[in-house]
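Results of the structural survey
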Amino acid sequence: SRKVSHRAFADADESKDAEGKKKLSSVVQPPAEGTPSLLELKGMYHKLMIRYYMHDDEYLEACRQYQSLYEDARKAVSKGDEANADTMETDADAETYLPYLQRVCWLVCLSTSGPMQKSLLEQTRTDKAVRDMLPAHHELLTAFGNAEVIGWPELDAKISKALEKEINVFGAKGSDVRERRVGHLKQRVTEHGILVIAKYYRRITLTRVGELLGLSASDAEKRICTMVNEGHIACKIDRVVGVVDFATAKGESPAAVLDSYAASVRDVVGLVERSSHQISREMQRHGLASKA
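Below: a short report on this structure. These numbers were taken from a predicted model, which means no experiment stands behind them.

**Structural notes on the overall build of the chain**
Each helix and strand in the chain was counted, giving 13 helices and 3 strands. Across the 292 residues of the chain, 34% fall into the buried class. Sequence-distant contacts, at least 24 apart, represent 58% of the contacts inside the chain between residues at least 6 apart. Approximately 18800 Å² of the chain is accessible, and the part contributed by carbon and sulfur atoms is 53%.

Structural data, given as structure tokens:
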């Protein structure tokens, strides 16, 4: 049987001249009636991948799928005229892509901090559609984009209405899924605050960290330890005096820290050997016997 090529899904206006059509029809079997277009198949694929990633709470990957759906919807609305898309769009057109954009905003903030997450966050935050049509989402993205500690009560007051309406990402009201994912959002707010503190402070007490983040000193210590284990920050905690030292390991890999320790040990051993040699010389000069 003849295989079906992706060219069979091309629109009629994209076909070539009559001679080209004749050659194509002799090789490619036309799609059956009711076969979805390539754009529809692409949308089905992205939605299936979203279900897959959201099942395991892989927020960044799900966010990338929604970003693709949003871009395809914008292209379909602009119909190739992207330069004048904003002036040509109607409210009905905006409704076709705004739901995807809203979910991109939530998911990029739910994702753990990293280069790809930061890039997608900045790209979404500067999107004109977010600034003009999604003020609450823009507040959320701005809070995560600025190098300032976020207070959850203040942020929750700004986004609470939009958060209650979002069911696709956070699940139905009162469900376990919603409780878990709202908890993840609060956790990302705390992690953002710790990253900001690590950027501006060299040494700080755990009590002060807890005050800035709205947590107890023990909870703040647990979050810092988790972020150190995950490789997001590097620091040392003196639990006796309750001080976090971000300066000791800033920008240093574990191997570099171990090398510095080894160099310090060699310096100490060398100093001991030189001191012992000088003592032996003085004892021989004064005719003193060594008490070995």
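**Comments concerning the side chain of Q117**
Take Q117: it is sitting in helix α6 (residues 115-125). In this view, Q117 contacts L60, V108, S111 and T112; residues no more than four positions away in its chain are not counted.

**Let's talk about the pattern of salt bridges**
The tally for this structure, following the rule as stated, stands at 13 salt bridges. A salt bridge links R181 to D57, with the nearest nitrogen and oxygen atoms 3.1 Å apart. Of this pair, R181 sits in helix α10 (residues 176-200) while D57 is found in the loop between α2 (38-55) and α3 (59-78), placing the two residues 124 residues apart along the sequence. Classification of R181 as buried rests on a relative accessible area of 7%. Between K128 and D132 there is a salt bridge, and its shortest N-O distance comes to 2.7 Å.

**Some remarks on helix α5 (residues 91-110)**
Taking 1.5 Å per residue, 20 residues should reach 28 Å; α5 reaches 28 Å between its end C-alpha atoms and fits that length. The largest bend along α5 measures about 40° and falls at Y97, with the proline P99 one to four residues further on.

**Overview of the nonpolar core**
Ranked by size, the top nonpolar core spans 44 residues in total, and within it W106, L107 and L185 carry the most contacts. When contributions to this core are tallied by element, the ones reaching two or more residues are α2, α3, α5, α6, α7 (128-133), α8 (135-145), α9 (152-165) and α10. In terms of residue count, α5 provides more of this core than any other element does, 12 residues in total. Filtering out sequence-adjacent residues up to four positions away, W106 remains in contact with H137, L140, I159, A162, L163, E166, V169, F170 and L185. I194, L213, I224 and C235 belong to the second-largest nonpolar core, a separate cluster that totals 14 residues.

**Re the sheet that holds strand β3 (residues 243-245)**
Strand order in the open sheet formed by 3 strands is β1-β3-β2, with antiparallel pairing between adjacent strands. Looking at the sheet topology across the chains shown, the edges are occupied by β1 (203-205) and β2 (236-238). Here the strands of the sheet are splayed against their neighbours by 25° on average, with no regard to which way each runs. Here 3 bridges tie β1 to β3, and the two strands are oriented antiparallel to one another. Directly across from T205, in β3, lies its bridge partner V243. Across the sheet, helix α11 (residues 206-213) lies against β1, β2 and β3, angled at about 80° from β1, the strand it touches most.

**Concerning α2**
Relative to the 26 Å expected for 18 residues at 1.5 Å per residue, α2 spans 26 Å between its end C-alpha atoms, a close match to the ideal helical length. Turning to α2, the residues buried within the fold contact α3, α5 and α10. Immediately beyond the C-terminal end of α2, within one or two residues, lies D57, with a positive phi of roughly 55°.

**Comments concerning the environment of E139**
Here E139 shows up in helix α8. As a C-alpha pair, E139 and K158 span 19 residues in sequence and 7.4 Å in three-dimensional space.

**A short note on a nonpolar patch on the surface**
Residues L38, L41 and M44 make up a contiguous nonpolar surface patch of about 260 Å² in total accessible area. As for its position among the elements, L41 is in helix α2. For L41, a relative accessible area of 30% puts it in the partly exposed group.

**Points about the environment of D245**
Looking at where D245 falls in the secondary structure, it is placed in strand β3. When its relative accessible area of 14% is taken as the criterion, D245 is described as buried. Distance from D245 to T205, taken between C-alpha atoms, is 8.7 Å for residues 40 residues apart in sequence. Sequence-distant contacts of D245, that is, excluding residues within four places in its chain, are made with R202, R203, C235 and K236.

**So, the packing of aromatic side chains**
Following the criterion strictly, the structure yields 4 aromatic pairs and no others. Seen in terms of ring centroids, Y52 and Y53 are 5.4 Å apart; in terms of plane orientation they differ by 70°. Their pairing is edge-to-face. Taking NZ or CZ as reference, R74 lies 4.6 Å from the ring centre of Y97, over its face.

**What to know about the packing of α10 against helix α12 (residues 217-229)**
With their axes 11 Å apart at the nearest point, α10 and α12 run at an angle of 80° to one another. Considered as vectors, α10 and α12 are oriented roughly perpendicular to each other. Contacts between α10 and α12 involve Q187, T190, E191, I194 and L195 from the first element and R223, I224 and M227 from the second. Tallied by class, residues from the contact of α10 with α12 come to 4 nonpolar, 2 polar and 2 charged.

Rules of the game
- Residues numbered from 1 in each chain as written.
- Predicted model: local features only at pLDDT ≥ 70, side-chain atom pairs only at ≥ 80, totals over all residues.
- Heavy atoms only, no water.
- Helix = DSSP H or I, 4+ residues; strand = E, 2+ residues; numbered from the N terminus.
- Buried < 20%, exposed > 50% of the residue type's maximum accessible area, 1.4 Å probe, protein only.
- Contact = heavy atoms within 4.5 Å.
- Areas by Shrake-Rupley, 256 points an atom, 1.4 Å probe, with all protein chains shown as cover.
- Salt bridge = Lys/Arg side-chain N within 4 Å of Asp/Glu carboxyl O.
- Expected span 1.5 Å × (residues − 1).
- Bend = angle between axes of the 7 residues up to and from the residue.
- Core = buried A, V, L, I, M, F, W, Y, C linked by side-chain atoms within 4.5 Å.
- Pairing = 2+ DSSP bridges.
- Axes fitted to C-alpha atoms, helices over the stretch in contact; angles between N-to-C directions.
- Patch = residues over 30% accessible without salt bridge, like charges linked within 9 Å, V, L, I, M, F, W, Y side chains within 5 Å.
- Phe/Tyr/Trp six-rings, centres within 6.5 Å; stacked < 30°, edge-to-face > 60°.
- Lys NZ or Arg CZ within 6 Å of the ring centre and 35° of its normal.
- Parallel < 35°, antiparallel > 145°, perpendicular 65-115°, else oblique.
- Nonpolar A, V, L, I, M, F, W, Y, C, P; charged D, E, K, R; others polar.

Note that all results are geometric; they support no functional claim without further evidence.
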